[in-house]
Amino acid sequence: QQLLSPVTAVLSREEYDAVINSTDKLLKAGFETEDFGNCAVRVYAIPAALTGGDIAETLSELAENLLKTDKAENEKTDNMLHTVACRAAIKAGNKTSPEEMKALAERVLLNDDIMYCPHGRPVAFEIKRRELERQFGRIQ
């Protein structure tokens, strides 16, 4: 998604180098960036799911993931995509309308591919009737 006004992110020297050396990876993830000099990067586009977030902070987090030199290139890309997905996700405590919650629950329950959050935690699980009755003290 193109931004109405570009955002300038001032990064540490290491983060800046990581971003400048990875513009192709960032572009594949939806970030259109340009070197702005003096450890600054201009951001012209971001993934649509990230609207409303702190773009400079997200770019800094992505740069930190890229700096983890012990990771393979494909693992760096996966980590970058996980960061984007995590930043775009609905978080605990977010204000969500009943309609949005219902639509999200239906989407998760009807799509067998949605099983885990970007960090690998389950997004849903099944509670058997017997366990539910036990929790409410109806059975031992």
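Data block above holds the structure.
Residues numbered from 1 in each chain as written. Predicted model: local features only at pLDDT ≥ 70, side-chain atom pairs only at ≥ 80, totals over all residues. Heavy atoms only, no water.

Trainee: For this particular structure, what's the right way to read the overall build of the protein?
Mentor: The helix and strand tally for the protein stands at six helices and three strands. Counting only C-alpha atoms and orienting by the principal axes, one finds that the protein spans roughly 65 × 35 × 25 Å. For the protein, the residues scored as buried account for 26% of the 140 residues in total. Contacts in the protein between residues at least 24 apart in sequence constitute 56% of all its contacts with a sequence separation of at least 6. A distance of 8 Å separates the average location of the 18 positive side-chain charges in the protein from that of its 23 negative side-chain charges. (Helix = DSSP H or I, 4+ residues; strand = E, 2+ residues; numbered from the N terminus. Buried < 20%, exposed > 50% of the residue type's maximum accessible area, 1.4 Å probe, protein only. Contact = heavy atoms within 4.5 Å. Lys, Arg positive; Asp, Glu negative; His and termini not counted. Charge placed at Lys NZ, Arg CZ, Asp CG, Glu CD.)

Trainee: Looking at this structure, I do not really get helix H4 (residues 73–88). What am I missing?
Mentor: For an α-helix, 3.6 residues make a turn, and residues three or four places apart therefore share a direction. The end-to-end C-alpha distance of H4 is 23 Å, a good match for the 22 Å that 16 residues give at a rise of 1.5 Å each. Among the residues making up H4, those that are buried are Lys76, Asn79, Met80, Thr83 and Val84. The arc that holds every buried residue of H4, seen down its axis, measures 140 degrees, which confines them to one face. Structurally, H4 contributes buried residues whose contacts are with helix H2 (23–28) and helix H3 (55–67). (Expected span 1.5 Å × (residues − 1). Arc of directions from axis to C-beta.)

Trainee: Sorry, what's going on with the packing of helix H1 (residues 13–20) against H3 here?
Mentor: Describing two packed helices takes the angle between their axes plus the distance from one axis to the other. Between H1 and H3, the shortest axis-to-axis distance is 8 Å and the interhelical angle comes to 80 degrees. The angle between H1 and H3 places the two elements in the roughly perpendicular class. Where H1 approaches H3, its residues Glu14, Glu15, Ala18 and Val19 are matched on the opposing element by Leu59, Ser60, Ala63, Glu64, Leu66 and Leu67. Looking at side-chain class alone, the contact of H1 with H3 contains six nonpolar, one polar and three charged residues. (Axes fitted to C-alpha atoms, helices over the stretch in contact; angles between N-to-C directions. Parallel < 35°, antiparallel > 145°, perpendicular 65-115°, else oblique. Nonpolar A, V, L, I, M, F, W, Y, C, P; charged D, E, K, R; others polar.)

Trainee: Even after reading the chapter, I still don't get the environment of Val84, so can you show me in this structure?
Mentor: Mapped onto the elements, Val84 comes out in helix H4. You can call Val84 buried: its relative accessible area is 10%. Along the sequence, Val84 and Met115 sit 31 residues apart, while their C-alpha atoms lie 18 Å from each other. Once you skip the residues sitting within four places of it in the chain, Val84 turns out to touch Phe31, Pro47, Leu50 and Leu62.

Trainee: What am I meant to see in the pattern of salt bridges here?
Mentor: Side-chain pairs of opposite charge can arise whenever the charged atoms involved come near each other. By the definition in use, this model includes five salt bridges. Lys128 is paired through a salt bridge with Glu126; the nearest N and O atoms lie 3.2 Å apart. For Lys128, a relative accessible area of 52% puts it in the exposed group. (Salt bridge = Lys/Arg side-chain N within 4 Å of Asp/Glu carboxyl O.)

Trainee: Help me understand the packing of H3 against H4, please; the structure alone is not making it clear to me.
Mentor: Where H3 meets H4, the axes come as close as 9 Å, and the angle between the chain directions of the two elements is 155 degrees. Of the possible angle classes, the one that applies to H3 and H4 is roughly antiparallel. Note on packing geometry: the crossing formed by H3 with H4 is right-handed. Between H3 and H4, the contacting residues are Glu57, Thr58, Glu61, Leu62, Asn65 and Leu66 on the first element and Lys76, Asn79, Met80, Thr83, Val84 and Arg87 on the second. Its residues assigned to classes, the contact of H3 with H4 shows four nonpolar, four polar and four charged. (Left-handed = near helix turned anticlockwise from the far one by under 90°.)

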